[in-house]
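Below are the chains, spelled out letter by letter.
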Amino acid sequence: MSYVLRNALIPTASGYETTDVRIEGEQIAAIGKGLLAGAPGSVELNADNKLLLPGFVNAHTHSSELWQRGIIPPYPLELWLAQLHEYAPPDPEKVYLSALATAVETLLSGGTTVVDHLILIPGQELATVEAAVRAYREVGIRAFIGPLLQDQALPACLPGGEGGSAAYPLSTAEVLAMLEEAVQKYHRPEEGISLMVAPTGIQLCSDQLFEGCAELSQKYNLPRHAHLLETRAQQLLAQEKYGCSAVEHLERLGYLDRKTSLAHCVWLTASDIEILARAGSTVVHNPLSNLRLGSGIAPILKYRQAGVNVAFGCDGAASNDSQDLLEAIKIGTILHNVTDPDYRHWISPRESVEMASRGGAIGLGLGDKLGSLEVGKQADLVLYDLTQLSLLPRTDPIGLLVLGRPTQAVHSVWIRGKQVVADGEVTTVDVAKLRQELFRHSSWDPFRRSQQAAQLEARYRQVMGLPG
């Protein structure tokens, strides 16, 4: 399919310019004023008063958490996880619906790629992956699915010597075998569906699991992902387990490279930052969940100054509790103004747009294919309607997009050259029906509380030095 976008506003080094953009097949074929019409059957679209940007990457989320958004109390991560696990989706159909919803919300907030650190249903691991693959393929979003892997049970997540040998239903070998089978069945990057190796993090994973994931990454050329030092408790646990920082330990295990993206990275030292910069790994900034769970403020300005690539993520819909990528970008842009008095270090709206697009692509090893408006790049593009009330009056389009509160701003979206949003509506799935299904499969339950969280709370408070 061929498209010609007429008179789109695009950013330049000196400001903005109005130009035409031609999409041929999956790629950006030409950018320039007065482009000739495309091949017979080409679609021409009037892009007057519309801003064209490369699509953003939602570089870290957990789609199935959608079923618990708004219900988990104000807990730190370790107690929050206990409630999450206790009420995880019981069947693949719910996983399918929540992946659909995650994709739709990502599209309508400027995202064209989603990285889903997918929570697996015990005993139905492959069915869980298949459900998410089916949803993302139907929507047409570019998806990187990282089955969330662990080989240790939840009590092992806290320091203090308890729970380190807690039983997990699958052995390390069984977890890796399941992952490899999923890769063989569902890894189809040429169709926009990729799998990743994605151990949850040092708090619930053995060295053997990280090493096995690194080997599978090499064997199948897969991106790598993990949570890293999201909380102070994880920092303490790393010292207890390894006698060094978690970053040093992952470097020794060979897990860090240029296709490794690491979510959160709140509790890193200066030497840790040097290691990430040297490895070329990407930090995924999840500002909303870090605030929601009281994890802390990641030192993003220090990462940028050290040359570490940074991307944005929404994180899961029960720790955010939404999948509005523009909201995550806004908070992640302005939050750091309070961490450094030198305003020359603060993040500008244009820099945050580049972090959300090109930064996300680099973290997936796709910096040469995605993330910028260049001829030959994949046509993952978003057109924003600058006549919407939330983007008026006419000042700086990118400034308003990032620092304002855009609503109904996305007009059109193309992914791999296929239009999946037109006139603000997703064209590939019935969103009204999706809303009905989400309503039908859920119920009001505001007072639900987790027994597992209650059992873990005393130990958590002791570890963190809190009064009983």
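Within every chain, residues take consecutive numbers counted from 1 along the sequence as written. For this predicted model, a pLDDT threshold of at least 70 governs which residues receive local features, and a threshold of 80 or more governs which side-chain atom pairs are given and counted, while totals over whole chains, interfaces and linings are taken from all residues. With hydrogens and water stripped out, all remaining heavy atoms of the structure feed into the side-chain values.

A. How the structure looks around the overall build of the protein chain. In this description a helix means any DSSP run of H or I spanning at least four residues, a strand means any run of E spanning at least two, and both kinds are numbered starting from the N terminus. For the protein chain, the helix and strand inventory stands at 15 helices and 17 strands. Whereas a compact globule of 468 residues would reach a radius of gyration of roughly 23 Å, the protein chain reaches 22 Å, a difference of no more than 12%. For the protein chain, the spread of C-alpha atoms along the principal axes amounts to about 70 × 50 × 45 Å. The contact rule is simple, with two residues in contact once any of their heavy atoms fall within 4.5 Å. In the protein chain, 75% of the contacts between residues at least 6 apart in sequence involve partners at least 24 apart. In the structure as shown, the protein chain presents an accessible area of about 18700 Å², 52% of it carried by carbon and sulfur atoms. None of His or the chain ends enter the tally, which takes Lys and Arg as positive and Asp and Glu as negative. Each charge is placed at NZ for Lys, CZ for Arg, CG for Asp and CD for Glu. Distance between charge centres in the protein chain, computed from 39 positive and 52 negative side chains, equals 3 Å. Computation of the radius of gyration draws on C-alpha atoms, with the globule rule given as 2.2 Å multiplied by the number of residues to the power 0.38. What sets the accessible areas is the Shrake-Rupley method with a 1.4 Å probe; for residues, cover comes only from the shown protein chains.

B. Main features of the sheet that holds strand 7 (residues 111-118). Only when DSSP finds a minimum of two bridges between them are two strands counted as paired. Strands sit in the order 6-7-8-9 across an open sheet of four strands; the sheet is parallel. Whereas interior strands pair on both sides, the edge strands pair on one side only; in this sheet they are strand 6 (56-61) and strand 9 (193-195). Going from strand to strand, the sheet's axes swing by 15 degrees on average, the running direction of each strand aside. Relative to strand 9, strand 8 (residues 142-147) is paired through three bridges, and the arrangement is parallel. Following the sheet pairing, Ala143 is matched in strand 9 by Ile193. The axes are straight lines fitted to the C-alpha atoms, using for helices just the contacting stretch, and the angles between their N-to-C directions are given from 0 to 180°.

C. Main features of the nonpolar core. We call a set of buried Ala, Val, Leu, Ile, Met, Phe, Trp, Tyr and Cys residues a nonpolar core when their side-chain atoms join them within 4.5 Å. Per-residue accessibility, obtained with a 1.4 Å probe over protein chains only, is compared with the maximum for each type, and a residue is labelled buried under 20%, exposed over 50%, and partly exposed between these values. Among the nonpolar cores identified, the biggest contains 107 residues, and Phe56, Leu107, Tyr136, Tyr303 and Tyr384 are the most heavily contacted of them. Looking at this core, the element that brings in the most residues is helix 2 (residues 92-107), giving nine residues. For Tyr136, the residues in contact, after removing those within four places along its chain, are Ser63, Ala99, Thr102, Ala103, Val114, Asp116, Ile141, Ala143, Ile145 and Ile193. Counting 22 residues, the second-largest nonpolar core is a separate cluster that includes Ile72, Leu154, Leu293 and Ala318.

D. Fine view of the packing of aromatic side chains. A pair of Phe, Tyr and Trp rings is counted when the ring centres sit within 6.5 Å of each other, with Trp represented by its six-membered ring. The angle between the planes then sorts it: under 30 degrees is stacked, over 60 is edge-to-face, the rest tilted. One pass over the structure, following the stated rule, counts four aromatic pairs. Here Tyr3 and Trp414 contribute two aromatic rings whose centre-to-centre distance is 5.8 Å and whose plane-to-plane angle is 75 degrees, an arrangement assigned as edge-to-face. One end of the pair, Tyr3, is in strand 1 (residues 2-12); the other, Trp414, is in strand 15 (residues 410-415), and 411 residues separate them in sequence. The two residues Tyr3 and Trp414 agree in class, both being buried. A ring is scored as having a charge over it whenever the NZ atom of a lysine or the CZ atom of an arginine sits within 6 Å of its centre and within 35 degrees of its normal. Above the ring of Trp67, the side-chain terminus of Lys94 is found at 4.7 Å from the ring centroid.

E. Up close: helix 1 (residues 77-86). Burial within helix 1 is extensive, with eight of its 10 residues counted as buried. Along helix 1, the positions that sit buried rather than exposed are Leu77, Glu78, Leu79, Trp80, Leu81, Ala82, Gln83 and Leu84. Contacts from the buried residues of helix 1 go to helix 6 (232-242) and helix 15 (451-463).

F. Local environment of unusual backbone geometry. Of note, the bond from Asn320 into Asp321 is cis; its omega dihedral lies within 30 degrees of zero at 5 degrees. For Asp321, the location among the structural elements is in the loop between strand 13 (309-312) and helix 11 (325-334). The step from Leu392 to Pro393 runs through a cis peptide bond, and the omega angle for that step is 0 degrees. Note that Pro393 resides in the loop between strand 14 (381-385) and helix 13 (397-403). If you check the backbone angles, Gln408 has positive phi at about 50 degrees while not being a glycine. Judged by its relative accessible area of 70%, Gln408 is exposed. The residue Asp423 is not glycine, and still its phi comes out positive at about 50 degrees. Assignment of secondary structure puts Asp423 in the loop between strand 16 (418-422) and strand 17 (425-426).

G. Fine view of the packing of helix 2 against helix 14 (residues 431-440). Closest axis-to-axis distance for the helix 2/helix 14 pair is 10 Å, and the angle between their directions is 135 degrees. Judged by the inter-axis angle, helix 2 sits oblique to helix 14. Read as a crossing pair, helix 2 and helix 14 show a hand that is left-handed. Each of Leu97, Leu100, Ala101 and Val104 in helix 2 lies in contact with helix 14, whose residues at this interface are Val431, Leu434, Glu437 and Leu438. Broken down by class, the residue content of the contact of helix 2 with helix 14 amounts to seven nonpolar, no polar and one charged. Comment on the angle field: the value is read as roughly parallel under 35 degrees, roughly antiparallel over 145, roughly perpendicular from 65 to 115, and oblique elsewhere. Handedness of a crossing is defined here by the sense of rotation of the near helix relative to the far one, left-handed for an anticlockwise turn of less than a right angle and right-handed for a clockwise turn. Throughout this entry, Asp, Glu, Lys and Arg are counted as charged residues, while Ala, Val, Leu, Ile, Met, Phe, Trp, Tyr, Cys and Pro are counted as nonpolar. The remaining residues, Gly among them, count as polar.

H. Spotlight on the sheet that holds strand 13. With respect to topology, four strands assemble into an open sheet ordered 10-11-12-13, the strand pairing being parallel. The sheet terminates laterally at strand 10 (224-228) and strand 13, the two strands that pair on one side only. Sheet twist, expressed as the mean angle between neighbouring strand axes with direction ignored, is 30 degrees.

I. Local environment of the pattern of salt bridges. We define a salt bridge as a side-chain nitrogen of Lys or Arg found within 4 Å of a carboxyl oxygen belonging to Asp or Glu. This structure, assessed with the given rule, holds 18 salt bridges. Note that Arg6 and Glu44 form a salt bridge whose closest N and O atoms lie 3.0 Å from each other. Placement of the pair is Arg6 in strand 1 and Glu44 in strand 4 (residues 43-46), with a sequence separation of 38 residues. Overall, the relative accessible area of 19% leaves Arg6 in the buried class. Its salt-bridge partner being Arg292, residue Asp321 comes within 2.9 Å of it at the nearest N-O pair. Of this pair, Asp321 sits in the loop between strand 13 and helix 11 while Arg292 sits in helix 9 (residues 287-292), placing them 29 residues apart in sequence. Assessed through its relative accessible area of 23%, Arg292 is described here as partly exposed. Members of the salt-bridge network, linked through shared partners, are Arg6, Asp20 and Glu44.

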